[in-house]
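# Report on the structure
Letter by letter, the chains look like this.
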Amino acid sequence: MATGDVVGWACSASVILAILGYMFYEFRKRWRLGLRLVALDESLVYDNSITVEEITNGPPGSVLIQGTVVEYLDD
């Protein structure tokens, strides 16, 4: 077996192991996040690894304006 073949197999194996390791890490991270959401863990707000871009819950036609407090208006 040539030296090039051994180096090629070693590089291929290391890349495959790295990809599998990353997939395992992401699966574990998302699984743990799901458990924390089910448990209503309040520390998620302060977790630096999680970002919440925007959460809105309003009637159709509502407009979100940055920096403005939302007030309920009776018709």
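Note that the structure is predicted; figures quoted are calculated from it, not measured. (Residues numbered from 1 in each chain as written. Predicted model: local features only at pLDDT ≥ 70, side-chain atom pairs only at ≥ 80, totals over all residues. Heavy atoms only, no water.)

Attention shifts here to a nonpolar patch on the surface. A contiguous nonpolar patch, built from Val-15, Ile-16, Leu-17, Ile-19, Leu-20 and Met-23 and spanning about 600 Å² of accessible area, is present on the exposed surface. Within the element layout of this structure, Ile-16 appears in helix H1 (residues 3-38). (Patch = residues over 30% accessible without salt bridge, like charges linked within 9 Å, V, L, I, M, F, W, Y side chains within 5 Å. Areas by Shrake-Rupley, 256 points an atom, 1.4 Å probe, with all protein chains shown as cover. Salt bridge = Lys/Arg side-chain N within 4 Å of Asp/Glu carboxyl O. Helix = DSSP H or I, 4+ residues; strand = E, 2+ residues; numbered from the N terminus.)

This paragraph deals with the layout of surface pockets. Empty pockets left among the atoms are what a rolling probe the size of a water molecule brings to light. Of the pockets and cavities examined, the second largest pocket occupies roughly 220 Å³. Taken together, Tyr-25, Arg-28, Lys-29, Arg-30, Arg-32, Leu-33, Arg-36, Asp-47, Ser-49 and Ile-50 make up the lining of the second largest pocket. Each residue belonging to the lining of the second largest pocket can be placed in one class, and the counts come to three nonpolar, one polar and six charged. (1 Å grid on protein atoms, 1.4 Å probe; cavity = no way out; pocket = protein on both sides within 12 Å on 5 of 7 lines; lining within 4 Å. Points joined across faces, edges and corners; volume = space filled by probe spheres on them. Nonpolar A, V, L, I, M, F, W, Y, C, P; charged D, E, K, R; others polar.)

Fair warning: the whole summary comes from geometry, so function is off the table for now.
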